[in-house]
Amino acid sequence: MRINGIKDHLRKQKIMGKKSTFSAAFASALAPFDKFDNVSVAEAIRDLGQNPERDLNCVYCGDTAATWDHVHRRVIGGEYSGYGHRIRNLVPCCRSCNERKGKRTWEEWLDVLSPPDIEERRNNMRRFLSKPSAAPFTVEDMRRAAPRELSEFLEIRQEVFRLMKKADDLADVIRETAIKAHSAR
Ligand SMILES: [Zn+2]
């Protein structure tokens, strides 16, 4: 370790620095989720060309799966994307692919990996995603169904950010004033 690393700790820590975490929390709260249902999960796994009775493999590279990847990201640019915690948005995935896929789409990630059986993997994913329950459930769908509640929800989010900013400004004043008072002693 070199001395430069200390710089990360020697700076102002703003509440608004956590804004993207809060945005994601609001988006995640809106996102629909499926209840666990053995039959639907087994059917989805079979559509991926895998045996639901056996250990599962990564849909991208074929290694032993260790986690579930959200095929479509739930949050894009701080907003709910239309895709949630749903059976047809979750695929078995190895740790390496889950960490490295990042913001890429499943198609882009398959292209990066270019496994020898890429065509078969593409077809599996397309079959998996072709079912009605894989379709997005958009903010517009929500607005049509519950316009008043959605507006209020979005206003609350704005208000939370406004209060976070206000608290940051107050923290500046408190800190600066206290430091001045301290050094005047
Ligand atoms: Zn993988």
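Definitions and cut-offs
Residues numbered from 1 in each chain as written. Predicted model: local features only at pLDDT ≥ 70, side-chain atom pairs only at ≥ 80, totals over all residues. Heavy atoms only, no water. UniProt positions renumbered as here; feature names shortened; annotations may be inferred. Helix = DSSP H or I, 4+ residues; strand = E, 2+ residues; numbered from the N terminus. Donors = N, O, S within 2.8 Å, 3.2 Å for Na, K, Ca; no water. Tetrahedral: all angles 85-135°; square planar, octahedral: opposite > 155°, others 65-115°. Buried < 20%, exposed > 50% of the residue type's maximum accessible area, 1.4 Å probe, protein only. 1 Å grid on protein atoms, 1.4 Å probe; cavity = no way out; pocket = protein on both sides within 12 Å on 5 of 7 lines; lining within 4 Å. Points joined across faces, edges and corners; volume = space filled by probe spheres on them. Nonpolar A, V, L, I, M, F, W, Y, C, P; charged D, E, K, R; others polar.

Draft legend 1. The UniProt feature "domain: HNH" (unreviewed entry) in the protein chain, seen in detail. Under the feature "domain: HNH" (unreviewed entry), the UniProt entry names residues 58-104. The span residues 58-104 carries 13% helix and 26% strand; its end-to-end C-alpha distance comes to 16 Å.

Draft legend 2. Representation of the coordination of the zinc ion within the structure. Note on the zinc ion: its protein donors are Cys58 (SG), Cys61 (SG), Cys94 (SG) and Cys97 (SG). The metal-donor distances range over 2.3 Å. Coordination geometry of the zinc ion: the four donor atoms subtend angles of 104 to 115 degrees at the metal centre, consistent with an arrangement described as tetrahedral. Within one chain, the residues serving as donors to the zinc ion are arranged as C-x2-C-x32-C-x2-C. Taken as a pair, Cys58 in the loop between α2 (38-47) and β1 (67-70) and Cys94 in the loop between β4 (90-93) and α3 (95-100) lie far apart in primary sequence, 36 residues in all. Overall, Cys58 belongs to the buried group, its relative accessible area being 0%. Among the residues examined, Cys94 registers a relative accessible area of 5% and is labelled buried.

Draft legend 3. Looking closely at empty space enclosed by the protein. This model, assessed by the stated rule, comprises one cavity of 30 Å³ or more. Considered as a void within the structure, the largest cavity measures approximately 40 Å³ in volume. Of the residues that constitute the lining of the largest cavity, the class distribution is three nonpolar, three polar and two charged.

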